[in-house]
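Structural characterization, general
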Amino acid sequence: MNWRWTDHIVLQLKERNLSRELFEDALKNPDYALLGSKNRTVYHKLVSGKLLRIITEGDLLITAYITDKISKYAKEVK
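Residues numbered from 1 in each chain as written. Predicted model: local features only at pLDDT ≥ 70, side-chain atom pairs only at ≥ 80, totals over all residues. Heavy atoms only, no water.

Concerning unusual backbone geometry
- Here the phi dihedral of Asn-39 falls at roughly 60°; this positive angle occurs in a residue that is not glycine.
- Secondary-structure assignment places Asn-39 in the loop between strand 1 (32-35) and strand 2 (41-47).
- For Ser-48, which is not glycine, the phi dihedral falls at a positive 50°.
- Tracing the backbone through its elements, the reader meets Ser-48 in the loop between strand 2 and strand 3 (50-57). (Helix = DSSP H or I, 4+ residues; strand = E, 2+ residues; numbered from the N terminus.)

Here's what the structure looks like:
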C-alpha cells in the first residue's frame, strides 16, 4: 500500500526514535493486525521485547508508539 506520511507521523518517528525501515517492515509484515475503533487498523509488531503499535485509517498513518505493556494489548487478539 502507498501510505500517506503526515508531518505528524514523521515527527513521532523522530521523537520516539523509531526508524522508518522498522516502521515500514511492521506495516508490511506485522505480527498481527486488527480492526480498531473508528474503522481504523492497528498493526502490532514485537521489537526487542516491546510492542510497536501503528494505527492507520485507510492509507493514512495516524499514530505510532512502542510500549512494554504487551499483555494489555494481547487480549485484543482473539
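Description of the nonpolar core
- Formed by 13 residues in total, the largest nonpolar core has its most connected members in Phe-23, Leu-27, Leu-52, Ile-54 and Leu-61.
- Among the secondary structure elements, those contributing two or more residues to this core are helix 1 (7-15), helix 2 (20-28), strand 2, strand 3 and strand 4 (60-67).
- Top contributing element to this core by residue count: helix 2, with 3 residues.
- Beyond its immediate stretch of four places on either side in the chain, Leu-61 contacts Trp-3, Arg-4, Trp-5, Thr-6, Ile-9, Phe-23, Leu-27, Ile-54, Ile-55 and Thr-56. (Core = buried A, V, L, I, M, F, W, Y, C linked by side-chain atoms within 4.5 Å. Buried < 20%, exposed > 50% of the residue type's maximum accessible area, 1.4 Å probe, protein only. Contact = heavy atoms within 4.5 Å.)

Describing the pattern of salt bridges
- What the rule picks out here adds up to 4 salt bridges.
- Among the ionic pairs, Lys-45 bridges to Asp-25, the shortest N-O distance being 3.6 Å. Placement of the pair is Lys-45 in strand 2 and Asp-25 in helix 2, with a sequence separation of 20 residues.
- For Asp-25, a relative accessible area of 31% gives the class partly exposed.
- Ionic pairing is found between Arg-40 and Glu-57, a salt bridge with its closest N-O pair at 2.9 Å. Highlighted residues: Arg-40 in the loop between strand 1 and strand 2 and Glu-57 in strand 3, separated in sequence by 17 residues. (Salt bridge = Lys/Arg side-chain N within 4 Å of Asp/Glu carboxyl O.)

Here's the deal with helix 1
- Within the span of helix 1, buried status applies to Ile-9, Gln-12 and Leu-13. Projected down its long axis, helix 1 shows its buried positions confined to an angular sector of 100°, all on one face. Seen from the open side of helix 1, the exposed residues pointing more than 90 degrees away from its buried face are Asp-7, Lys-14 and Glu-15.
- Here the buried face of helix 1 lies against helix 2 and strand 4.
- Just past helix 1, the residue Asn-17 takes up positive phi, approximately 55°. (Arc of directions from axis to C-beta.)

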